[in-house]
Each structure stands twice: as C-alpha cells, then as structure tokens.
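Below, each chain spelled out in residue letters.
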Amino acid sequence: MCRHAGYVGPEIGVGELLTRGAHSLRTQAWAPREMRGGGTINADGFGVAWWRAAESVPSSVTEGEGQVRAAGRGDTAGRGGVPDSGMGVRGGVVVSRYRNPAPIWTDPAVEEVLPQLKSTAVLASIRSATVGMPVERAACAPFLGGRWAFSHNGVVPGWRRVLTAVSSDLDTAATQWGATRLFETAQLLEAESATDSAALWVLLGDLLDSAGPEGFVESAGAALALLATTVLTHAPDARLNFLLGDGAQLWATTVHHALSALVTDDCAILSSEPYDDDPRWQPIPDRCLVTARPGHLSVEPLSQAGRQAV
Ligand code: GLN
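This report concerns the structure included in the present document. (Residues numbered from 1 in each chain as written. Predicted model: local features only at pLDDT ≥ 70, side-chain atom pairs only at ≥ 80, totals over all residues. Heavy atoms only, no water.)

**Considering the nonpolar core**
Reasoning step 1: Leu163, Leu200, Leu204, Leu227, Val231, Leu240 and Leu244 are the most contacted members of the largest nonpolar core, which totals 47 residues.
Reasoning step 2: The greatest single-element share of this core, amounting to 10 residues, is contributed by helix H7 (residues 220-234).
Reasoning step 3: Ignoring anything within four residues of it in the chain, the contact list for leucine 163 reads Val156, Leu188, Asp196, Ala199, Leu200, Leu203 and Val231.
Reasoning step 4: Judged by nonpolar contacts, the second largest core, of 22 residues, contains Phe46, Leu114, Ile126 and Leu262. (Core = buried A, V, L, I, M, F, W, Y, C linked by side-chain atoms within 4.5 Å. Buried < 20%, exposed > 50% of the residue type's maximum accessible area, 1.4 Å probe, protein only. Helix = DSSP H or I, 4+ residues; strand = E, 2+ residues; numbered from the N terminus. Contact = heavy atoms within 4.5 Å.)

**Section: the site of the ligand**
Reasoning step 1: Lining the immediate surroundings of the ligand are 12 residues, of which Cys2, Arg127, Thr130, Gly154 and Asp196 lie closest.
Reasoning step 2: Interatomic distance of 2.6 Å between a side-chain N/O atom of arginine 127 and an oxygen atom of the ligand.
Reasoning step 3: Aspartate 196 has a polar side-chain atom sitting 2.8 Å from a nitrogen atom of the ligand.
Reasoning step 4: About the coverage of the ligand: the protein hides 99% of its 300 Å² of free accessible area.
Reasoning step 5: Taken atom by atom, the bulk of the ligand overlaps the largest cavity.
Reasoning step 6: Per-element tally for the shell around the ligand: the top contributor is strand E7 (residues 148-155), with three residues.
Reasoning step 7: Split into classes, the residues belonging to the shell around the ligand amount to four nonpolar, six polar and two charged. (Near = heavy atom within 4 Å. Polar contact = N/O pair within 3.5 Å; in protein donor to acceptor, adjacent residues only side chain to side chain. Areas by Shrake-Rupley, 256 points an atom, 1.4 Å probe, with all protein chains shown as cover. 1 Å grid on protein atoms, 1.4 Å probe; cavity = no way out; pocket = protein on both sides within 12 Å on 5 of 7 lines; lining within 4 Å. Sits in = over half its atoms within 2 Å of the grid points. Nonpolar A, V, L, I, M, F, W, Y, C, P; charged D, E, K, R; others polar.)

In structure tokens form, the structure reads like this:
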C-alpha cells in the first residue's frame with residue numbers, strides 16, 4: 001500500500017519531504033513498517049507537489065490562468081481548466097508537481113533537483129499499485145486541480161461499480177439540495193488513469209468545487225468525509241486514507257491505514273508513518289477526519305464530519 005505525507009510550515013526544500021528522517025518516505029518505499037492490507041514495497045513510482053505564490057509565476061502562466069483565482073464551478077478555468085499541465089492556479093497560489101512511475105530510489109532528481117526547489121507547503125506520495133491497476137505516471141499521486149493536491153493510500157474493491165454508485169448517490173443528494181447535476185457518472189471516464197485513486201479525485205474535485213458556506217458541502221474537510229463515508233456504504237472493506245492540501249492547510253482521512261501527525265506552532269506534518277523518532281508524533285485513530293495547519297490539529301470521527309449543508 002502506498003504511503004504519503006504532507007507538510008505546511010517554514011520554507012523547506014521540496015525534496016526534503018521525501019528524504020527527511022531515518023524513516024523517510026524514500027526509505028518507506030523499500031522498508032515500510034506499517035503496511036496493512038498487503039504489499040511489501042512501494043516501487044511503482046512517486047510524486048510530489050509544492051505550492052508558491054502566484055506572483056512568482058512567469059507572466060506567460062499567470063496571464064493564461066489569471067482568472068482562475070476567482071473561478072468557481074462552471075468557469076472554464078476551474079479544476080478542469082488545467083488538466084495535466086502539472087500546474088494549477090487558484091486563490092493566489094500555484095501548485096506544481098513532479099511524478100515518476102519508476103521506484104523513487106532510482107531517480108537522481110530526488111537528490112539533485114528537488115532539494116533546490118523551496119516551498120512552505122509540500123505533499124508527497126510513493127506508490128504500490130493495486131493489483132490490476134496500471135503502473136504509469138498518470139496513476140502516481142498527487143493529483144492536481146485548481147489549488148488542490150490529493151493523494152489516496154488504499155483501495156476501493158470493485159472501484160468502477162462502487163464509484164459509479166457513489167457518483168449517482170452524490171448526484172441525487174446534490175440535486176435534492178438544489179444543485180444541477182454535479183456528478184455525472186461519465187465524469188469518471190475523465191480520470192487521468194484507470195485507477196480507483198484517479199477516479200476518486202474526479203469525484204472529490206467536483207465536491208470541492210461545490211464546497212463553501214453556501215455550497216453543497218460546507219468545507220473541504222466535509223467534502224473529504226462525505227466522499228469517504230459514501231464509498232464505505234457501497235464498499236465497507238475500502239481502504240480510504242485520503243490526503244489533501246491547498247498550500248496552507250492539510251486534510252486527511254483514516255480508514256484502515258496508519259497516519260501520524262506532528263503539529264507545532266510553526267508547522268504541521270501528516271505522514272502515513274513517522275519519519276523520525278520525534279516524540280511529538282501522534283498516531284491518528286482509524287475512521288477520523290484530520291485538519292492540520294501550523295498551530296492547529298483537529299481530529300474528529302469521520303461519521304460526524306461528513307455533514308452536508310442540506
Ligand atoms: N489503489 C491505488 C493505486 O493503485 C493506491 C494504491 C495504494 O495505496 N497502495 O494507485
């Protein structure tokens with residue numbers, strides 16, 4: 001099973017989140033400690049996303065995407081507007097990404113390039129492909145859209161059937177709430193790779209587009225929790241450790257996989273496994289929604305966190 005980690009805090013080298021600590025993500029790729037549900041190594045690639053202020057983006061990018069900052073659902077420059085460019089602009093930040101479907105320990109960029117890129121927010125993942133799912137670059141998290149980066153550690157058994165049913169449930173709920181067809185089943189075909197994780201990201205992206213005080217879901221955390229609880233109604237055995245970041249905050253769910261948090265006044269880190277022996281790491285219980293930013297950690301039961309604004 002994959003591993004992932006997110007960081008928000010003082011500026012670090014982007015590569016640091018991959019290599020930091022005696023039990024770094026890179027080490028976890030070939031020697032993970034806590035692997036529930038099969039898999040012994042994470043050799044099917046990796047990815048890392050990082051954020052920076054939109055102002056620091058070359059004008060050729062900001063000119064093309066400038067209107068995205070204020071975009072909502074339906075705007076051409078929304079989540080779907082920046083599909084596989086590896087970059088997205090929204091809310092004044094740009095998220096960029098590097099992915100490689102080869103084992104992380106074989107990529108010299110991890111030592112030679114990624115440490116030179118600096119950011120105050122980084123989200124990284126190493127992958128062990130679920131049996132039957134393609135090993136390709138497009139299947140490596142993080143998945144990007146707008147200002148968001150997303151990773152899924154786990155599996156949805158029978159994902160095509162289950163996520164089609166989830167899409168239909170969400171569409172019914174959204175329609176009852178008053179939205180017009182937020183979730184079209186065909187949208188699952190838009191997933192950039194034929195994997196459960198990429199398809200989950202399509203559904204979550206739609207939920208995030210409709211999140212807000214006036215929206216179908218009230219917040220990003222509620223979107224994550226609603227997606228997880230709806231999947232569980234169709235696939236109780238699903239493993240759903242989600243990790244989402246927007247450059248300022250991290251959200252995560254725990255369903256059948258490990259997660260630990262280290263939050264101080266200066267920084268917030270969520271990681272499948274603690275990457276060092278810092279005594280401040282806290283294990284997160286199963287079936288929870290976690291919200292973390294510097295100086296703030298909240299952990300609440302998933303069942304109470306999926307509240308919709310209905
Ligand atoms: N099921 C996902 C994939 O194959 C995630 C795999 C995992 O968590 N190991 O990409």
